[in-house]
Amino acid sequence: MIEIEARLDELRALGLERRTSLVSGPQGPHVLLDGKPVLLLCSNNYLGLADDPRVRAAAAEAAMRWGVGAGASRLVSGTMTIHRRLEQRLAAFERRQAALLFGSGYLANTGVISALARPGDVVFSDELNHASIIDGCRLSRAEVFVYNHCDLEHLRWGIGRAEGRGALVATDGVFSMDGDVAPLAEIAELAARHRMRVLVDEAHGTGALGPGGRGAAAAAGVEEQVDVIVGTLGKALGSYGAFVACDSTMARYLVGAARTFIFSTALPPPAAAAALAALELLQERPERVHKLAANAAVLRTELEREGFDLRGARTQIVPLVIGEPGLATAICEAARRRGVFAQAIRPPTVPPMTSRLRLAVMASHREQELRTAARMLGTAARACGLPLRGAGARPLEPARPAQTRHALAAAPAQPGRREVFDVEVRAA
Ligand SMILES: Cc1ncc(COP(=O)(O)O)c(C=O)c1O
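### Overview of the site of the ligand
Lining the immediate environment of the ligand, one finds 13 residues, of which Gly105, Tyr106, Asp201, His204 and Lys235 sit closest. One nitrogen or oxygen atom from the side chain of His204 is found 2.5 Å from an oxygen atom belonging to the ligand. Protein contact buries 82% of the 390 Å² of open area that the ligand shows by itself. Ranked by the residues each element gives to the shell around the ligand, the list is headed by helix α5 (residues 105-116), at 3 residues. Of the residues in the shell around the ligand, the class split is 2 nonpolar, 8 polar and 3 charged.

### Some thoughts on the domain arrangement of the chain
Domain boundaries in the chain define domain 1 (18-47 + 286-383) and domain 2 (53-284). Between the C-alpha centres of domain 1 and domain 2 there is a distance of 26 Å. In this assembly, domain 1 packs against domain 2 so that about 1,700 Å² is buried in total across both faces, 60% of it on carbon and sulfur atoms. Across the domain 1-domain 2 interface, the total number found is 2 salt bridges. Taken together, the connections running from domain 1 to domain 2 amount to 8 residue pairs in polar contact (both at pLDDT 80 or more). Of all the secondary-structure elements, those providing two or more residues to the side of domain 1 that touches domain 2 are α13 (287-306), β11 (317-323) and β14 (355-360).

### Observations concerning the side chain of Ser176
Tracing the backbone through its elements, the reader meets Ser176 in the loop between β7 (166-172) and α8 (184-193). If we ignore the near neighbours within four places in the chain, the residues touching Ser176 are His130, His204, Ile317 and Arg358.

### Here we look at the sheet that holds β11
One open sheet accounts for 3 strands, arranged β11-β14-β13; its pairing is antiparallel. The strands lining the two open edges of the sheet, one partner per strand, are β11 and β13 (344-345). As paired strands, β11 and β14 are joined by 6 bridges and run antiparallel to one another. Note on β14: the bridge partner recorded for Val318 is Leu359. Contacting β11 and β14, α13 crosses the sheet at an angle of about 25° to β11.

### Considerations on the packing of helix α7 (residues 152-162) against α8
Following both chains from N to C, one finds α7 and α8 inclined at 10°, their axes separated by 11 Å at the closest point. As far as their axial angle goes, α8 and α7 are roughly parallel. α8 is crossed by α7, and the crossing has right-handed handedness. Residues Leu152, Leu155, Arg156 and Ile159 of α7 lie in contact with α8, whose contacting residues are Glu186, Ile187 and Leu190.

### Brief notes about the packing of helix α4 (residues 81-94) against helix α12 (residues 269-284)
Look at α4 against α12: their axes get within 9 Å of each other, and the N-to-C directions meet at 30°. Between α4 and α12, the crossing angle belongs to the class labelled roughly parallel. When you trace α4 past α12, the crossing you get is left-handed. Contacts between α4 and α12 pair Ile82, His83, Arg85, Leu86, Arg89, Leu90 and Phe93 from the former with Pro269, Ala272, Ala273, Ala275, Leu276, Leu279, Glu280, Leu282 and Gln283 from the latter. Taken together, the residues that form the contact of α4 with α12 break down as 11 nonpolar, 2 polar and 3 charged.

### What about the nonpolar core?
The biggest cluster of nonpolar side chains holds 105 residues, and the ones touching the most others in it are Phe124, Leu303, Leu357, Leu359 and Leu377. Of all the elements, α12 adds the most residues to this core, at 11 residues. Two domains each donate at least three residues to this core, and these are domain 1 (18-47 + 286-383) and domain 2 (53-284). Judged by nonpolar contacts, the second largest core, of 29 residues, contains Ala98, Val144, Val230 and Cys246.

The rules behind each value
- Residues numbered from 1 in each chain as written.
- Predicted model: local features only at pLDDT ≥ 70, side-chain atom pairs only at ≥ 80, totals over all residues.
- Heavy atoms only, no water.
- Near = heavy atom within 4 Å.
- Polar contact = N/O pair within 3.5 Å; in protein donor to acceptor, adjacent residues only side chain to side chain.
- Areas by Shrake-Rupley, 256 points an atom, 1.4 Å probe, with all protein chains shown as cover.
- Helix = DSSP H or I, 4+ residues; strand = E, 2+ residues; numbered from the N terminus.
- Nonpolar A, V, L, I, M, F, W, Y, C, P; charged D, E, K, R; others polar.
- Domains from an automatic or database assignment.
- Buried area = accessible area lost by both parts, 1.4 Å probe.
- Salt bridge = Lys/Arg side-chain N within 4 Å of Asp/Glu carboxyl O.
- Contact = heavy atoms within 4.5 Å.
- Pairing = 2+ DSSP bridges.
- Axes fitted to C-alpha atoms, helices over the stretch in contact; angles between N-to-C directions.
- Parallel < 35°, antiparallel > 145°, perpendicular 65-115°, else oblique.
- Left-handed = near helix turned anticlockwise from the far one by under 90°.
- Core = buried A, V, L, I, M, F, W, Y, C linked by side-chain atoms within 4.5 Å.
- Buried < 20%, exposed > 50% of the residue type's maximum accessible area, 1.4 Å probe, protein only.

This is the structure:
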């Protein structure tokens, strides 16, 4: 049995204890955090739609018209008209035959991956994929080949070793903690050559990248080669929930095969209506996507000027990799005292010794406040003793372990499940 007090003490000693802060007001650029005004620089409300008046009004109206809850799984108490409307609009946005709503991105990834792979198959998964992809792989009970981050050679090698048993390549489009983008054109080409399916998680790509904000696959020009797009409604679209965009046969299959669709209550009508209004706004005013990119560029430039090494981040997600969890927390606190809130992200969300401040830009930030925030973050980092480039010290070298232990490899093996691929690759 887990000794909970002892475990909490252990986490505290390792600098890994987690706590939430209290935010007053909506997820806008400015919030009261535990009663103190700060610039919010870690919310995924990328387009500022979570607090947009039209989106709020849509949710309020939906609550009055359809009520606040969906009552049951759609397979039990039915698809509500607002679900149908949102799915049609999402399918048109993604230029797919169909879209299917899920309760969240976590539920979409776990449900879809476990429906698309089974024991005896091999799933290929980038080592920095989101936890929901990792857990989907685990649930599938397929073998999992964890390839080094964005390493096509490694992926190719693994596909060869799988000897035709490869079923699926699953990858984040934009990596949630690093802000870099998967090499989707090459992945799609490899998968097609080896007759495997491709799933791209566009949680941080939808509304942020590509033509019209259609995501990383659209930006790479490979939408048609991707079998399943997983998009979320809780980030750029400002609401809650998720969707899968795919062909109509796949959608029909998932309705009966994705356990997180079957065994979970459908999306609440206000959340669905808010996402629909947000999607309409995105399509009417795509300039929000450009503003987000422009803001992100301003922040990245200013942070580099401060001496931070951004490790190739090129999206609205900007990681400041620190290393030690305790130091990352100290810098987060120091920045908070200076009026900037960028959460410290620590293991197991990120690999050991790569704790970081994960900054997330919004289109609703003003450029001047982003410049000021970069200065405050530089000041906070230096005050905590972090050497920054140009500050007379050696460049910030984020500590990445020579041999990355991925959560999948580190996970206790499930009965009957072989992790041979991962083990052999690490030994190679
Ligand atoms: C890449 C990625 N996929 C999926 C999810 C899960 O989405 P949701 O928050 O809707 O469960 C997240 C959430 O942070 C994410 O970053």
